[in-house]
Number of protein chains: 4
Amino acid sequence: MTLKLVIIGGGSSYTPEIIEGIIRRHDSFPVTDIVLVDIEAGQKKLEIIGDLSLRMIEKSAKPIKLSWTLDRKRALINADFVSTQIRVGGLEARSKDERIPLSHGFIGQETNGAGGIFKAFRTIPVLIELAEDIHTICPDAWMINFTNPAGIVTEALLKHSAHQKVIGVCNIPFNMRHSTAEILGVSPDNVKIQFIGMNHFVFGQKVFVNGVDRTEEVLEKLVGDHFDYSPANIVNLGWSKTFIESTRLLPNPYHQYYFQTKEVLEKDLQAYKENGTRAEVVQQLEESLFELYRNPELRDKPKELEKRGGAFYSDVACSLMDSIYNNKEDVQTVNTFNNGAIPDLPNDAVIEANCIITNHGPRPISVGPLPATIKGLVYQMKAFEELVIQASISGDYNDAYTALLMNPLIGDEKRSKVLLDELLEAHKAYLPQFNSRGN
Amino acid sequence: MTLKLVIIGGGSSYTPEIIEGIIRRHDSFPVTDIVLVDIEAGQKKLEIIGDLSLRMIEKSAKPIKLSWTLDRKRALINADFVSTQIRVGGLEARSKDERIPLSHGFIGQETNGAGGIFKAFRTIPVLIELAEDIHTICPDAWMINFTNPAGIVTEALLKHSAHQKVIGVCNIPFNMRHSTAEILGVSPDNVKIQFIGMNHFVFGQKVFVNGVDRTEEVLEKLVGDHFDYSPANIVNLGWSKTFIESTRLLPNPYHQYYFQTKEVLEKDLQAYKENGTRAEVVQQLEESLFELYRNPELRDKPKELEKRGGAFYSDVACSLMDSIYNNKEDVQTVNTFNNGAIPDLPNDAVIEANCIITNHGPRPISVGPLPATIKGLVYQMKAFEELVIQASISGDYNDAYTALLMNPLIGDEKRSKVLLDELLEAHKAYLPQFNSRGN
Amino acid sequence: MTLKLVIIGGGSSYTPEIIEGIIRRHDSFPVTDIVLVDIEAGQKKLEIIGDLSLRMIEKSAKPIKLSWTLDRKRALINADFVSTQIRVGGLEARSKDERIPLSHGFIGQETNGAGGIFKAFRTIPVLIELAEDIHTICPDAWMINFTNPAGIVTEALLKHSAHQKVIGVCNIPFNMRHSTAEILGVSPDNVKIQFIGMNHFVFGQKVFVNGVDRTEEVLEKLVGDHFDYSPANIVNLGWSKTFIESTRLLPNPYHQYYFQTKEVLEKDLQAYKENGTRAEVVQQLEESLFELYRNPELRDKPKELEKRGGAFYSDVACSLMDSIYNNKEDVQTVNTFNNGAIPDLPNDAVIEANCIITNHGPRPISVGPLPATIKGLVYQMKAFEELVIQASISGDYNDAYTALLMNPLIGDEKRSKVLLDELLEAHKAYLPQFNSRGN
Amino acid sequence: MTLKLVIIGGGSSYTPEIIEGIIRRHDSFPVTDIVLVDIEAGQKKLEIIGDLSLRMIEKSAKPIKLSWTLDRKRALINADFVSTQIRVGGLEARSKDERIPLSHGFIGQETNGAGGIFKAFRTIPVLIELAEDIHTICPDAWMINFTNPAGIVTEALLKHSAHQKVIGVCNIPFNMRHSTAEILGVSPDNVKIQFIGMNHFVFGQKVFVNGVDRTEEVLEKLVGDHFDYSPANIVNLGWSKTFIESTRLLPNPYHQYYFQTKEVLEKDLQAYKENGTRAEVVQQLEESLFELYRNPELRDKPKELEKRGGAFYSDVACSLMDSIYNNKEDVQTVNTFNNGAIPDLPNDAVIEANCIITNHGPRPISVGPLPATIKGLVYQMKAFEELVIQASISGDYNDAYTALLMNPLIGDEKRSKVLLDELLEAHKAYLPQFNSRGN
């Protein structure tokens with residue numbers, strides 16, 4: 001009996017975390033084979049990661065075979081789980097997603113606003129192709145997608161590929177739970193958050209500690225900048241008392257883009273002047289990480305990795321695969337079809353929800369109607385996501401334009417076009433669907 | 001620290017089952033106080049049950065104080081759980097619910113058709129009054145309703161009383177799971193059924209054994225009368241191959257009233273001729289049970305109790321209370337607000353669904369849209385239930401008439417009136433809401 | 001400029017009515033060409049009708065060219081309107097639709113119950129083929145469908161053919177308006193009924209005479225058998241006071257099948273014993289009509305035609321074509337996509353609704369939510385209709401079975417199969433979609 | 001027989017237009033009595049308008065009695081129509097609605113953004129009180145509301161007052177139809193626009209001229225600033241080719257606030273610097289209008305009135321009253337309950353829709369689902385409107401805050417509070433519901 005995991009984008013600097021997760025859970029989730037897959041441009045990194053992973057496994061003394069390859073189709077044979085952590089166009093593309101919007105006075109960000117839209121445009125066709133391969137080669141395998149914008153990408157996959165065993169994960173719900181535990185001085189294992197919304201736009205509605213509702217306490221502590229609640233890549237600006245008291249919801253760190261747009265923009269422009277884009281900061285971080293990884297003495301995931309925004313992503317994924325494999329029926333927060341859990345949103349909208357995890361997939365636990373305060377904006381964000389997916393598939397200029405126009409961070413009829421044209425040109429090499437239509 | 005359970009209708013012959021359940025679970029669910037409550041007419045039975053319960057507890061050596069009383073309000077003080085198993089009008093009323101429809105050529109039954117409607121009419125006002133008492137006296141207590149028609153009663157309580165900590169339970173999902181386990185020759189603990197629908201109209205959509213989908217196997221075995229799948233009070237007539245192959249669903253035993261109406265009616269009329277109504281059979285069963293209960297040597301729930309149709313009801317309830325108390329987050333099948341779990345039905349419809357059980361209540365797991373084959377009928381049954389609740393509250397003659405008219409087992413404009421008039425007259429003493437309107 | 005009408009099923013005994021309607025409206029709706037189309041089996045009738053029509057036009061002195069043909073595709077060239085009044089399998093098939101259900105104790109009827117289901121099965125594929133021809137040959141033409149079951153057929157056409165210019169018409173709303181006018185002693189032109197529901201299951205919600213709400217008055221008069229409200233082919237059994245007072249709705253004549261099932265069945269069985277099926281009665285009526293039509297002196301629609309149940313159908317259709325042609329924006333009751341007019345039903349359900357008639361199609365006037373009393377049954381009927389359409393297209397045995405099973409007039413798991421098998425066999429020659437699947 | 005119209009806010013400079021409309025339509029809509037009502041602060045203007053109106057009527061020689069009063073309740077006796085054109089706080093309040101947001105860098109406007117929200121806060125309680133008076137004193141009267149924000153105010157009235165005969169009107173659909181006619185060089189009477197959305201956020205979906213779809217032609221002409229399409233109070237900035245080609249919709253003039261926010265803001269700030277707020281411009285306009293009105297020789301509505309943004313408002317209202325009175329069943333564009341016409345929006349949302357106008361009220365013609373491009377934003381605007389209504393009624397600080405926060409023109413968690421506090425203080429005298437709560 002084999003239990004095989006294929007890691008697409010295996011040359012990512014995050015991979016040691018997932019290897020560590022697999023080793024740690026080996027008793028309950030006894031992976032026998034891991035194959036790291038990457039594209040030619042990433043071959044060198046792939047080898048470094050492969051070597052480090054081998055050393056980590058060796059140290060662990062777990063019976064796991066690990067190899068790496070550029071031959072994706074071959075790697076997929078007999079796979080049970082396929083995780084995806086790719087970045088089409090690399091950090092250079094991310095840099096453009098950040099820089100170009102900023103240069104026009106808009107939030108420049110890799111998962112939200114114009115940058116996030118273009119990351120979706122570049123990523124969706126590539127992952128749909130992967131999903132089709134999985135469906136042909138290893139149709140029983142679960143595809144665990146961490147690639148951002150994770151919610152949009154997961155909805156695109158579930159709607160436009162035949163492979164339906166796809167689950168999206170993000171570290172934000174994990175981070176919110178851990179931060180909340182820290183706020184309350186309790187163990188994260190005892191904390192449950194009732195989430196409502198979708199990836200990067202999810203709110204916490206209730207916080208339970210061992211079943212006791214402690215939401216009010218958490219909300220009080222969130223006021224002002226008393227508590228930093230955000231992952232490494234997002235500087236928290238603090239939430240006002242009025243915002244918290246009026247919504248009675250825990251915002252997620254990305255909400256600052258929408259509710260503190262002006263301040264974030266100023267801060268980001270300042271940071272850009274000082275350090276360049278986040279992509280460039282990450283570029284340096286990556287380089288020093290790979291410097292570390294290269295060290296033949298290193299046989300563990302280095303602490304430095306946690307400085308990346310995506311820390312714990314892989315932990316979330318390992319925990320999910322463990323529950324699927326063991327049909328645990330425990331509750332985890334993942335991205336899957338709504339199916340009525342939030343009755344205001346379409347059944348086939350992907351939401352980020354607490355789900356029962358079984359070996360036949362996640363099933364969201366009923367959330368109930370959106371609170372009146374946020375229902376309009378959440379619905380709009382979902383409608384916007386549909387436009388992004390539509391344009392990613394159609395490659396139609398007008399579809400792409402309406403996606404930008406209807407994003408609350410853009411929404412300007414003339415500047416939407418300016419941004420669109422400049423980003424289409426900048427990312428040309430990675431947007432064949434648009435080029436082929438001769439726009 | 002006390003943990004107090006109040007059993008409304010404590011003089012019921014089922015009570016020994018609940019006492020046994022409490023004793024058995026005492027390690028995880030350490031009840032300290034039980035109060036049995038009944039009405040004056042039931043005082044004698046109450047005493048017999050009280051005495052037997054004391055003997056059972058004594059034998060168990062668990063530190064549980066048990067008492068009985070006719071003073072409901074006093075009993076509720078400091079209650080943590082209140083279970084309800086009442087029968088307004090007693091078995092005599094049930095006998096009328098069965099006899100009168102039969103005499104006009106309609107299904108005579110205590111939970112479905114005209115009989116079920118009148119049981120709802122008699123029960124709902126009484127239980128709303130109880131719920132209001134709970135809300136005033138012990139607002140944190142969970143009300144666990146087993147009183148039939150359990151789904152309709154639970155919806156009425158959740159919609160028309162201030163007390164929102166109300167959960168409805170039925171033994172049908174439990175029985176279906178156990179019967180299915182028997183069919184497959186596996187332990188019931190390893191069987192999960194994905195349910196869809198509402199109380200007494202619930203279907204099984206999927207059967208998983210340790211996460212493996214074995215639905216097809218179960219469906220095959222359900223064909224014909226090869227397997228008896230029904231509780232003690234319902235004689236199974238078998239399901240045709242075509243029915244099973246066309247719906248791909250596990251019917252519940254009550255579905256025979258709707259899909260095998262003519263045969264059931266013939267069988268029931270025959271049975272009535274031979275043995276009188278089920279109420280009368282039960283009357284005798286009850287008498288012999290109480291004969292047994294009276295025996296001062298008896299210190300256990302007697303086997304004979306399992307012949308009653310409601311067997312395991314109390315087991316279901318004890319298991320539910322245990323999970324609430326311990327905030328277990330396990331999955332149980334209960335009656336609660338839909339909240340989108342079945343997107344075709346209103347959010348505030350009570351459905352019978354697999355729920356995560358927490359100490360702050362059950363949350364249904366998303367079921368998804370109703371299959372095209374059954375969606376019309378399920379929706380109609382729910383709309384009918386709303387009419388029953390409406391009439392139970394309003395006491396309006398026309399409301400009651402439309403409830404009968406829109407029941408698929410009645411649906412005849414002239415005979416609906418005949419049934420209505422005869423049943424209103426027969427149950428007059430227990431329908432003050434109708435009388436006061438001078439109908 | 002030509003204005004061409006093609007009448008599919010032109011050999012029907014109803015055709016003189018439509019010819020008369022065209023002549024009468026010639027000033028506002030100046031038809032220049034009429035082609036009557038029929039199949040080979042109907043050639044003789046086609047000629048008789050053709051000759052009579054020519055005599056009628058000649059008498060009118062209107063400049064209308066009329067011809068007849070068996071070549072449907074050729075006839076469609078340059079058509080502006082195509083009306084359809086066909087009967088696949090002829091009156092012989094109708095006789096089976098009536099006789100076979102009756103023989104098993106079910107309503108035997110050509111538009112409701114098992115008979116109606118099979119009429120849909122026979123008709124839908126034929127009319128979809130016609131719609132595809134129209135879409136290819138005369139894509140701007142409006143298809144006006146009178147073929148029963150008109151609502152189901154229209155929904156099937158709108159959902160399963162590319163041609164979207166399809167409108168369904170029925171004489172029931174027309175008859176209800178006229179009967180109501182008679183009840184009130186006013187001119188039908190001044191009466192408006194607010195309809196809710198769908199074809200053959202439509203209710204009147206409000207009656208306005210010159211804008212004055214006189215609903216109560218009409219409801220009062222409907223009680224009992226004081227007033228006969230039905231078309232020629234349906235014997236009215238009268239409505240009970242309680243039914244009318246509880247629903248506050250005007251039933252349509254077909255509602256007696258659902259709410260007076262037992263009485264109708266007895267009456268129909270009695271009539272069957274005395275006169276054979278309605279099909280056989282109609283057969284004789286038809287023969288004597290054609291006897292009249294053959295008379296070369298006849299130059300008008302004979303009075304005797306009004307005895308047929310479908311009287312005024314053609315009048316409804318002519319009035320509709322007139323309003324489309326002239327973009328009148330007047331209100332007529334037709335069958336078209338719901339699009340939210342009744343929010344409880346799907347957007348793509350075909351309903352029978354008051355619509356604004358324009359030259360770009362009918363647009364329903366918002367009706368609002370279904371009353372609580374009927375919403376369950378109306379929804380179920382619509383879900384049942386979807387099953388009929390599904391089976392008509394798929395030719396799948398199980399699909400056909402669930403259609404019968406979920407019809408409120410059948411609903412029996414064993415007898416549904418008996419009826420299905422016997423009707424499938426009886427209508428074999430006209431159900432190629434079922435035969436080809438080897439059921 | 002009397003036909004009595006009461007004009008609330010009769011001292012408005014717009015009143016001569018409504019008087020002219022009444023005179024012009026007197027043959028079909030024979031008003032016998034007009035009472036102009038205003039508050040004490042408006043007494044002087046009321047007298048001037050009253051005198052002018054009398055001269056207009058005298059010149060017309062129509063048998064209309066006209067009077068004026070400050071006694072609203074007395075005026076309402078026997079009213080058939082009540083029109084409302086009030087401005088709580090007068091132009092001074094409007095000036096604050098414009099100035100305060102502008103001073104913080106937000107759109108300052110009387111019907112949109114923070115200004116529109118506060119106009120709603122001031123107006124809704126006053127008009128609910130009026131509606132209650134109507135319901136008591138003249139329950140059969142139709143209340144025709146022109147008071148802005150007309151859509152929000154109408155929804156508030158229909159949801160929160162017992163009087164349900166309330167219709168909202170706006171001149172935007174009228175202007176769009178007239179401008180479109182001008183673009184196409186045809187008579188406005190032959191132009192129909194299919195509208196979708198709600199007041200001040202309505203789009204044109206299709207343009208028909210005598211039933212011929214000429215939408216494409218109109219869209220082409222809308223590109224750029226070739227055509228000015230806006231009412232007097234809104235300077236048109238022109239729409240980009242991409243915007244028009246991507247949405248395929250006719251925007252309304254107010255859409256520039258949402259899609260051209262930056263440009264409008266710059267233009268408005270510039271205009272403010274040069275001429276003060278629009279309120280101040282209007283103040284001067286009003287003064288010169290009243291100067292004209294005072295002239296005892298003036299016996300007609302002066303041309304100068306058309307320079308006001310609200311021109312034709314009264315014409316729209318007169319035409320509406322005429323159709324109600326005569327039960328015309330013609331199509332007009334008014335604000336009323338959605339009831340499914342746009343299935344994406346709640347049934348009880350007020351939308352701006354083409355309606356059949358009858359003497360028992362308007363009924364929207366089914367519009368169908370919102371196009372994917374705009375559905376998110378339209379839904380959000382409606383959800384925002386619900387928050388405004390909620391806050392207008394509750395007077396709750398947090399409710400008011402979320403209304404500002406969720407407005408797409410504000411949406412900033414810190415500045416929403418700044419705006420809210422400053423506007424609450426500025427409008428204190430007209431916001432008793434907020435003051436009484438001690439915020």
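Nothing here was measured: the structure is a model prediction, and the numbers come from that model.

To continue, consider helix α7 (residues 172–184) of chain B. For an α-helix the count is 3.6 residues per turn, leaving residues at separations of three or four pointing the same way. Residues and elements named next belong to chain B. Spanning 13 residues, α7 covers 18 Å between terminal C-alpha atoms, matching the ideal 18 Å at 1.5 Å per step. Burial analysis of α7 places 10 of its 13 residues in the buried class, the great majority of the element. If you check which residues of α7 are buried, you get Ile172, Pro173, Phe174, Asn175, Met176, Ser179, Thr180, Ala181, Ile183 and Leu184.

Before going further, it helps to examine the interface of chain A and chain B. Opposite the 25 residues of chain A that make contact, chain B presents 25 residues. Carbon and sulfur atoms make up 49% of the area that chain A and chain B hide from each other, which totals about 1900 Å². Taken together, the links from chain A to chain B amount to 2 salt bridges. We note a salt bridge from Glu329 of chain A to Lys192 of chain B, for which the minimum N-O separation is 3.3 Å. There are 12 residue pairs in polar contact (both at pLDDT 80 or more) connecting chain A and chain B. Elements represented by at least two residues in the side of chain A that touches chain B include exactly β7 (191–196) and β12 (361–364) of chain A. By residue class, the composition of the side of chain A that touches chain B is 10 nonpolar, 12 polar and 3 charged.

The transform that puts chain D on chain A rotates by 180° and translates by 0.0 Å along the axis, for an RMSD of 0.0 Å. Between the two chains, the operation in question is that of a two-fold axis. Closest approach to the rotation axis within chain D is made by the C-alpha atom of Gln380 of chain D, at a distance of 3.0 Å. Residue by residue, 100% of the interface of chain D is reproduced at the interface of chain A, so both copies engage with the same surface.

With that settled, the discussion passes to the environment of Tyr257 of chain B. Residues and elements named next belong to chain B. By secondary structure assignment, the location of Tyr257 is in helix α10 (residues 255–259). Residue Tyr257 is classed as buried on the basis of its relative accessible area, which comes to 5%. For Tyr257, the side chain forms a polar contact with the side chain of Gln109, separated by 3.0 Å.

Attention shifts here to the pairing of strand β1 (residues 4–8) of chain D. Residues and elements named next belong to chain D. β1 sits mainly inside the fold: 5 of its 5 residues count as buried. As paired elements, β1 and strand β2 (residues 33–37) share 5 bridges and run parallel to each other. Opposite Ile7, over in β2, you have Leu36 as the bridge partner. In the sheet, β1 pairs with strand β4 (residues 81–84) via 4 bridges, with the strands oriented parallel. Paired with Val6 across the bridge in β4 is Val82.

With that settled, consider the pattern of salt bridges. It is possible for side chains of opposite charge to pair when their charged atoms get near one another. A full pass over the atoms with the stated rule returns 132 salt bridges over all chains. In this structure, the salt-bridge partner of Lys45 of chain A is Glu286 of chain A, at a minimum N-O distance of 3.2 Å. Taken together, the positions of Lys45 of chain A in helix α2 (residues 43–60) and Glu286 of chain A in helix α12 (residues 278–294) put the pair 241 residues apart, joining distant regions of the chain. We classify Glu286 of chain A as buried; its relative accessible area is 8%. Two residues, Arg415 of chain D and Glu263 of chain A, come together in a salt bridge whose shortest N-O distance is 3.2 Å. One end of the pair, Arg415 of chain D, is in helix α16 (residues 413–426); the other, Glu263 of chain A, is in helix α11 (residues 261–275), on a second chain. Look at Arg415 of chain D and you get buried, because its relative accessible area is 17%.

What follows concerns the interface of chain D and chain A. In this complex, chain D contributes 39 residues to the contact, which on the side of chain A involves 39 residues. Both sides of the chain D and chain A interface together cover about 3200 Å² of buried area, and 56% of this is carbon and sulfur. Where chain D touches chain A, the interface holds 4 salt bridges. For Glu386 of chain D, the salt bridge identified is with Lys375 of chain A, shortest N-O distance 2.8 Å. The tally of links from chain D across to chain A stands at 12 residue pairs in polar contact (both at pLDDT 80 or more). Of the residues forming the side of chain D that touches chain A, the biggest block, 11 residues, is contributed by helix α14 (residues 372–394) of chain D. In the side of chain D that touches chain A, the residues fall into 15 nonpolar, 13 polar and 11 charged.

On to the packing of aromatic side chains. Taken as a whole and assessed by the stated rule, the structure comprises 46 aromatic pairs over all chains. When the centroid spacing of 6.0 Å and the interplanar angle of 40° are considered together, the rings of Tyr254 of chain A and Tyr257 of chain A count as tilted. Like Tyr257 of chain A, Tyr254 of chain A is buried. Centroid distance Phe243 of chain C to Phe259 of chain C: 5.1 Å. Interplanar angle 55°. Geometry classified as tilted. Taken together, the residues span a long stretch of sequence, with Phe243 of chain C in helix α9 (residues 241–247) and Phe259 of chain C in helix α10 (residues 255–259) at a distance of 16 residues. For the pair Phe243 of chain C and Phe259 of chain C, a shared accessibility class is recorded, and that class is buried.

On to unusual backbone geometry, then. Phi is mostly negative for residues that are not glycine, and the peptide bonds are mostly trans. With an omega dihedral of -10°, the bond running from Asn148 of chain A to Pro149 of chain A counts as a cis peptide bond. Its place among the elements puts Pro149 of chain A in the loop between β5 (142–145) and α6 (150–160). At Arg248 of chain D, a position not held by glycine, the phi torsion is positive, near 50°. Its place among the elements puts Arg248 of chain D in the loop between α9 (241–247) and α10 (256–259). Arg248 of chain D sits in the partly exposed class, given a relative accessible area of 32%.

Before going further, it helps to examine the arrangement of the chains. Spatially, chain A is disjoint from chain C: no contact exists, and the shortest C-alpha separation is 14 Å. Between chain B and chain D there is no contact, and the shortest C-alpha to C-alpha distance separating them is 14 Å.

All names here are of chain A. In the numbering used here, UniProt assigns the "site: Increases basicity of active site Tyr" (unreviewed entry) feature to Glu110. Relative to the helices and strands, Glu110 is located in the loop between α4 (90–103) and α5 (113–137). Given the relative accessible area of 10%, Glu110 is considered buried. Setting aside anything within four residues of it in sequence, one finds Glu110 in contact with Arg87, Arg94, Glu98, Gly115, Gly116 and Lys119.

Cut-offs and rules
Residues numbered from 1 in each chain as written. Chains lettered and ligands numbered in written order. Predicted model: local features only at pLDDT ≥ 70, side-chain atom pairs only at ≥ 80, totals over all residues. Heavy atoms only, no water. Helix = DSSP H or I, 4+ residues; strand = E, 2+ residues; numbered from the N terminus. Expected span 1.5 Å × (residues − 1). Buried < 20%, exposed > 50% of the residue type's maximum accessible area, 1.4 Å probe, protein only. Contact = heavy atoms within 4.5 Å. Buried area = accessible area lost by both parts, 1.4 Å probe. Salt bridge = Lys/Arg side-chain N within 4 Å of Asp/Glu carboxyl O. Polar contact = N/O pair within 3.5 Å; in protein donor to acceptor, adjacent residues only side chain to side chain. Nonpolar A, V, L, I, M, F, W, Y, C, P; charged D, E, K, R; others polar. Least-squares fit on C-alpha atoms with pLDDT ≥ 70 in both. Pairing = 2+ DSSP bridges. Phe/Tyr/Trp six-rings, centres within 6.5 Å; stacked < 30°, edge-to-face > 60°. UniProt positions renumbered as here; feature names shortened; annotations may be inferred.

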